[in-house]
There are 2 protein chains.
Amino acid sequence: MAATLRLVDERGLEHVTVEDISEAADVSPRTFFNYFATKDDALLGGPLPHGPSMHDRLLAVPAGVPLVPAILQAMSADIAEIQGERDLWLTRLRVIKSNPSLLPLLVARGECAEEETVVAVAARTGLSTDDLFPQLAATLTGAAFRTAMMRWATTGDNLYDLVRETFEVLEKGLAPTHEEVTR
Amino acid sequence: MAATLRLVDERGLEHVTVEDISEAADVSPRTFFNYFATKDDALLGGPLPHGPSMHDRLLAVPAGVPLVPAILQAMSADIAEIQGERDLWLTRLRVIKSNPSLLPLLVARGECAEEETVVAVAARTGLSTDDLFPQLAATLTGAAFRTAMMRWATTGDNLYDLVRETFEVLEKGLAPTHEEVTR
DNA sequence: GTCAAAATTGCAGCGGCTGCAAACTTTTAC
DNA sequence: GTAAAAGTTTGCAGCCGCTGCAATTTTGAC
């Protein structure tokens, strides 16, 4: 993973072959594919954070807390983890920005989390997973989170604060002028 | 494109080769790649709707209209076009649902529209394209639109109404219980 | 040291994708 | 009608991503 990130960061995705990577990592190309299904996977596809599932974490938030802050709280562990691997993630996001074909991959990575979010939101609100609202809540929080991350990559602000800002917009509604957001 | 959609719908993405497609379409495989950069592109990568850009359309909406309804109005032409090619899109969405690896592609397709939306929202609100709000507005409306589309693919409801519902949530805020939405 | 389980590797091969140059088709000018 | 120009399709050779399989090497328990 480290070798892949470094090489792609230096030369660009197209100018790095799996052979280059495996040579840099001192393994055979075949071994590379024993660990990563795709060349791209070596950039983002590290093992997903384990810990308790989104579902459990969201239901663990006291019932009185409104939905959006509850989701934020449920995500805080992931946010902390990302901030803990700051340099790794900043490189990843830089690589993604300079190789736009990778962005969908970032989305895909968030997707499994989103599916869990659908179930969790449905459980918390008493709706069915087939209802529009849980699905919408999952995709919107996912999108807001991703936006916050991309912004974090360029501004370097505190990630948690950025996510909180985006979630506030989600909660309050997408209104044209938010003084506290525009800065 | 038609041949690709049909074959992939029948057999699944993995069990259709470019050779199969080009044979079905009565062209050489090489010709296939003269028109589509990728096998996947033949599923979603038709030429993007032309017409006036999102930017122009959004600025054409009277200044008094709040942001979210304005974006909805600016998108209505695209929505109508998608509904006009209902069968094509339903097949596409069915194919995407049964081949999840394609979903990122749908996102990518919407992405260029989102970039335009960033610029347009910035212009309309007087903010910079580097500010958080326009970026957030673009990704959130994009996500809401995609959710509406996926739902449209299964329920068959009117697409415009579905988008309107999701946009209402966006505008009013992501609150736990919306009677009119949960149904 | 022995042996079984696990990790690594080579190899052969498919399929996606590209550059190039040849063949073919259509358009245009006269 | 003809011939040059312009555009389209095609074959070919070849790189690279990726996979199944079987052989080899490494690891670790005893």
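Since the model is a prediction, treat every value here as computed from it, not as a measurement.

Quick notes on the rules
- Residues numbered from 1 in each chain as written.
- Chains lettered and ligands numbered in written order.
- Predicted model: local features only at pLDDT ≥ 70, side-chain atom pairs only at ≥ 80, totals over all residues.
- Heavy atoms only, no water.
- Helix = DSSP H or I, 4+ residues; strand = E, 2+ residues; numbered from the N terminus.
- Buried < 20%, exposed > 50% of the residue type's maximum accessible area, 1.4 Å probe, protein only.
- Contact = heavy atoms within 4.5 Å.
- Areas by Shrake-Rupley, 256 points an atom, 1.4 Å probe, with all protein chains shown as cover.
- Least-squares fit on C-alpha atoms with pLDDT ≥ 70 in both.
- Domains from an automatic or database assignment.
- Buried area = accessible area lost by both parts, 1.4 Å probe.
- Salt bridge = Lys/Arg side-chain N within 4 Å of Asp/Glu carboxyl O.
- Polar contact = N/O pair within 3.5 Å; in protein donor to acceptor, adjacent residues only side chain to side chain.

A short note on the overall build of chain A
When its secondary structure is counted, chain A shows 11 helices and 0 strands. With the C-alpha coordinates of chain A rotated into their principal frame, the extents come out at 55 × 35 × 25 Å. For chain A, the residues scored as buried account for 48% of the 183 residues in total. Within chain A, counting contacts between residues at least 6 apart in sequence, those at least 24 apart form 60% of the total. Per element, the accessible surface of chain A, about 8,600 Å² overall, is 54% carbon and sulfur.

Details of the relation of the copies chain B and chain A
By a simple turn and slide, chain B fits onto chain A: the slide is 0.0 Å along the axis, the RMSD is 0.1 Å, and the turn is 180°. Here the two chains are linked by the operation of a two-fold rotation axis. Nearest to the rotation axis, the C-alpha of G173 of chain B is located 1.9 Å from it, this being the minimum over chain B. Comparing interface residues between copies, 100% of those in chain B also lie at the interface in chain A; the contact surface is shared.

Some remarks on the domain arrangement of chain A
Residues and elements named next belong to chain A. Each assigned domain of chain A is listed here: domain 1 (1–46) and domain 2 (48–173). Taking only C-alpha atoms, the centre of domain 1 and the centre of domain 2 are 27 Å apart. Counting from both sides, the interface comprises 12 residues of domain 1 and, opposite them, 13 residues of domain 2. Across the domain 1 to domain 2 interface the summed buried area is about 1,100 Å²; carbon plus sulfur atoms make up 65%. The largest contributions to the domain 1 side of the interface with domain 2 come from L5, D9 and L44, which together make up 54% of the buried area. Connecting domain 1 to domain 2 are 1 salt bridge. Between D9 and R94 there is a salt bridge whose closest N-O contact spans 2.5 Å. Counting every contact that joins domain 1 to domain 2 gives 3 residue pairs in polar contact (both at pLDDT 80 or more).

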